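Fold and geometry: a report
Spelled out from the first residue to the last, the chains are:
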Amino acid sequence: EMNQPSKEHDQGFYDLADQFIHVANAESSNWPRMRVSEAFLYAASRFNAFNWLTRTTEPDQTPEEAIQEHLARYEAMLRENLELMTPQYPRRRK
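Residues numbered from 1 in each chain as written. Predicted model: local features only at pLDDT ≥ 70, side-chain atom pairs only at ≥ 80, totals over all residues. Heavy atoms only, no water.

1. Quick look at a nonpolar patch on the surface
- Among the surface-exposed residues, L16, F20, I21 and F40 lie close enough to one another that they form a single nonpolar patch of about 370 Å² accessible area.
- As for its position among the elements, F40 is in helix α2 (residues 33-53).
- Overall, the relative accessible area of 36% leaves F40 in the partly exposed class. (Patch = residues over 30% accessible without salt bridge, like charges linked within 9 Å, V, L, I, M, F, W, Y side chains within 5 Å. Areas by Shrake-Rupley, 256 points an atom, 1.4 Å probe, with all protein chains shown as cover. Salt bridge = Lys/Arg side-chain N within 4 Å of Asp/Glu carboxyl O. Helix = DSSP H or I, 4+ residues; strand = E, 2+ residues; numbered from the N terminus. Buried < 20%, exposed > 50% of the residue type's maximum accessible area, 1.4 Å probe, protein only.)

Here it is as structure tokens:
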């Protein structure tokens, strides 16, 4: 597994994320990676919608606030992973 750059989460968080990544990697042998990526994002959005609709915290948060929070978190995670992974794929840098 990859080294984790952030101390925001404990090892259990990264172990759980790795389980999802293993599923995506396995499915990439059956489907184009872009399709797997889109399905992965769709599944995450569906679970996040369910999680928000059934939440027990932040009862006054609006759907728009939840969307903006999720977008910000996704952007931060994607940027962090691009920074971490880019040295492993030097021909893909721009």
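2. A short note on the pattern of salt bridges
- What the rule picks out here adds up to two salt bridges.
- With a shortest N-O distance of 2.9 Å, E75 and R79 are connected by a salt bridge. Note that E75 and R79 are positioned in helix α3 (residues 63-85) at a spacing of four residues, about one turn of the helix.
- Residue class for R79 comes out exposed when judged on its relative accessible area of 55%.

3. As for unusual backbone geometry
- Unlike most non-glycine residues, E58 shows phi in positive territory, near 50 degrees.
- Summarising the element assignment, E58 is placed in the loop between α2 and α3.

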